Amino acid sequence: MSDMLARGIAFRLKNELPPEARFLLEDFRRAVNSTIRAGLQARVSSRNALVKLAYKDFRREHPDMYAQHLVSAFEVAGSVLKNYRRRLRTRDASRVPYVRRLMMKAENQAYKLDRKNGIVDLPIRAGCHVKFELQVSEYHRRYLDDPSLKLGSLTVLPDRLIVAFRKEAPEAYMPESALALDTNERSMDGIFVKGDEARAVKADYQEIAIIQQRHFDRRKRLQKKKSQDRRTSRRMCRREGNREHRRIEYRLHQVANAVLSFAENQKSAVVLEDLKGFKPTWNKELNRRLSLWPRRKLHQIIEYKAQWKGIPVVKVDPGYSSRTCPICGRIQDSRMGTEFKCECGWCLDRHINASLNLLQTAISKGLEVAGGLRFNPGAFQHDVMMILYAPDKGARSEPNGTSCVGAVTS
Ligand SMILES: [Zn+2]
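Keep in mind the model is a prediction, meaning the values are calculated, not measured.

### Side note on the side chain of Lys-167
No. 1: Mapping Lys-167 onto the fold places it in strand S7 (residues 160-168).
No. 2: Side-chain polar atoms of Lys-167 contact the backbone oxygen of Trp-308, separated by 2.9 Å.
No. 3: Those residues in contact with Lys-167 that sit more than four places away from it in its chain are Asp-3, Met-4, Leu-5, Ser-148, Leu-149 and Trp-308.

Spelled out as structure tokens, the structure:
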């Protein structure tokens, strides 16, 4: 049994959404929201239970809707309910869920995509179909023309469609080198080791921290200014937050692409620290929690992209990686400044030092590299830094970006 991977690719439409499709989106949203209400009342959230609970009423209310769409409305409602239950368990209060944005989802049997001409055919009810013409760029062609990719679900939004492409996870290659990266607030720092050669590397994304700080300040200002009107304030903060997330995610994708294209060219195994370890608690200051989110997200993006391309990724427990001396093994009491200094005479940039420890942990846990790594920390040359990503240099961008990405197991 191998993992099925899914990747959502967004397409803009050549023309505006036809009115029939807009009505369908409205119907779909109504169906999702009333299923959510019914599910809450009856305290069920599995798709089958929801179907049993609400199907008959729905058929009466939406006699014309294509049956497949109704079933996928139940599915969407089911996942909204599951998320709501999870939130209830972890936080004390959570608002009753309601889907606000116009959307609909169609499973792969419920629509047709002409991959050559980029036309989606979506049935609405018996005898009525709508056709969407997609804007197809070279980036989209890579997915449309790849016969190994199967079609998954289709998500229709007022301004774009998201098509899920699916494939079996390819087997990862046998690495010929290693790229160990320590993930920090403003950069990934690490080393690249091939045979007996080792070099310092850096992916610099300090602009992400800057964007975050700017939005954080603006949000605080908004809250203060609109404090007499909590609803407006909340809405504006949410809009700010969404915009911030999109801008940051776009950059995280670029960083991940740069790191992975380097790894792929060098046939490297990527070594990262497992960030699950540090869990900031809710009562810690907000700033700290905000600063962890992009790092987790970056790892998530790197991991699924690597899986999609068959690039091996090894996650290791960071343990004392930022405080351990890779030469003599002493653990320093506290974190020092930007330099790691040890009584044995070892001295190195703190972040790069951490990545050395990550690599050593990975090797001791069984990371194998074809031909082996004759890596000697003492002989490590770190005066020349290889830049994998820098804000002004950038990486090749993906037009329209990718969104709604996830891995599913089957
Ligand atoms: Zn030492």
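### Observations concerning the nonpolar core
No. 1: Counting 52 residues, the largest nonpolar core has Tyr-111, Leu-122, Phe-132, Leu-154, Val-156 and Phe-165 as its most contacted members.
No. 2: Each residue touching Leu-122, except ones within four places of it in the same chain, is listed here: Leu-24, His-69, Met-104, Ala-106, Ala-110, Tyr-111, Cys-128, His-129, Val-130, Phe-132, Leu-154 and Val-156.
No. 3: Counting residues in each nonpolar core, the second largest holds 30 residues, with Ile-208, Phe-262, Ala-263 and Ile-301 among its members.

### A look at the pattern of salt bridges
No. 1: Here the structure, examined in full by the defined rule, presents 12 salt bridges.
No. 2: Notably, a salt bridge pairs Asp-57 with Arg-60, separated by 3.3 Å at the nearest N-O pair. Of this pair, Asp-57 and Arg-60 both sit in helix H2 (residues 47-61), separated by three residues, roughly a single helical turn.
No. 3: Linking Arg-251 and Glu-207 is a salt bridge whose minimum nitrogen-to-oxygen distance equals 3.3 Å. Taken together, the residues span a long stretch of sequence, with Arg-251 in helix H6 (residues 230-265) and Glu-207 in helix H5 (residues 206-225) at a distance of 44 residues.
No. 4: Shared partners join several salt bridges into a network, and the residues in it are Arg-12, Asp-159 and Arg-160.

### Section: the packing of aromatic side chains
No. 1: The final tally for this structure, using the stated rule, is six aromatic pairs.
No. 2: The interplanar angle of 45 degrees and the centroid separation of 6.5 Å between the aromatic rings of Tyr-143 and Trp-308 together place this pair among those described as tilted. Taken as a pair, Tyr-143 in helix H4 (residues 138-144) and Trp-308 in helix H7 (residues 286-309) lie far apart in primary sequence, 165 residues in all. Comparing Tyr-143 with Trp-308 shows no difference in burial state: the two are buried.
No. 3: Judged by centre distance (5.0 Å) and plane angle (80 degrees), the ring pair of Phe-192 and Phe-262 falls under edge-to-face. Within this pair, whereas Phe-192 is found in strand S9 (residues 187-194), its partner Phe-262 is found in helix H6, the two being separated by 70 residues in sequence. Neither Phe-192 nor Phe-262 differs from the other in exposure class; each is buried.

### Quick word on the packing of helix H1 (residues 19-42) against H2
No. 1: Contact pair H1 / H2: the axes reach a minimum separation of 10 Å and the direction vectors enclose 130 degrees. The angle between the axes of H1 and H2 places the two elements in the oblique class. Helix-helix and strand crossings are classified by hand; for H1 and H2 the assignment is right-handed. Of the residues in H2, those touching H1 at Ala-31, Ser-34, Thr-35, Ala-38, Gly-39 and Ala-42 are Leu-50, Leu-53 and Phe-58.

### Things to note about unusual backbone geometry
No. 1: Backbone geometry at Arg-43 places phi at a positive 60 degrees, although glycine is not the residue there.
No. 2: Along the chain, the position of Arg-43 falls in the loop between H1 and H2.
No. 3: Residue Arg-43 is classed as exposed on the basis of its relative accessible area of 70%.
No. 4: The phi dihedral of Lys-267 is positive, around 50 degrees, even though this residue is not glycine.
No. 5: Along the chain, Lys-267 falls in the loop between H6 and strand S11 (268-273).
No. 6: Overall, Lys-267 belongs to the partly exposed group, its relative accessible area being 33%.

Parameters at a glance
Residues numbered from 1 in each chain as written. Predicted model: local features only at pLDDT ≥ 70, side-chain atom pairs only at ≥ 80, totals over all residues. Heavy atoms only, no water. Helix = DSSP H or I, 4+ residues; strand = E, 2+ residues; numbered from the N terminus. Polar contact = N/O pair within 3.5 Å; in protein donor to acceptor, adjacent residues only side chain to side chain. Contact = heavy atoms within 4.5 Å. Core = buried A, V, L, I, M, F, W, Y, C linked by side-chain atoms within 4.5 Å. Buried < 20%, exposed > 50% of the residue type's maximum accessible area, 1.4 Å probe, protein only. Salt bridge = Lys/Arg side-chain N within 4 Å of Asp/Glu carboxyl O. Phe/Tyr/Trp six-rings, centres within 6.5 Å; stacked < 30°, edge-to-face > 60°. Axes fitted to C-alpha atoms, helices over the stretch in contact; angles between N-to-C directions. Parallel < 35°, antiparallel > 145°, perpendicular 65-115°, else oblique. Left-handed = near helix turned anticlockwise from the far one by under 90°.

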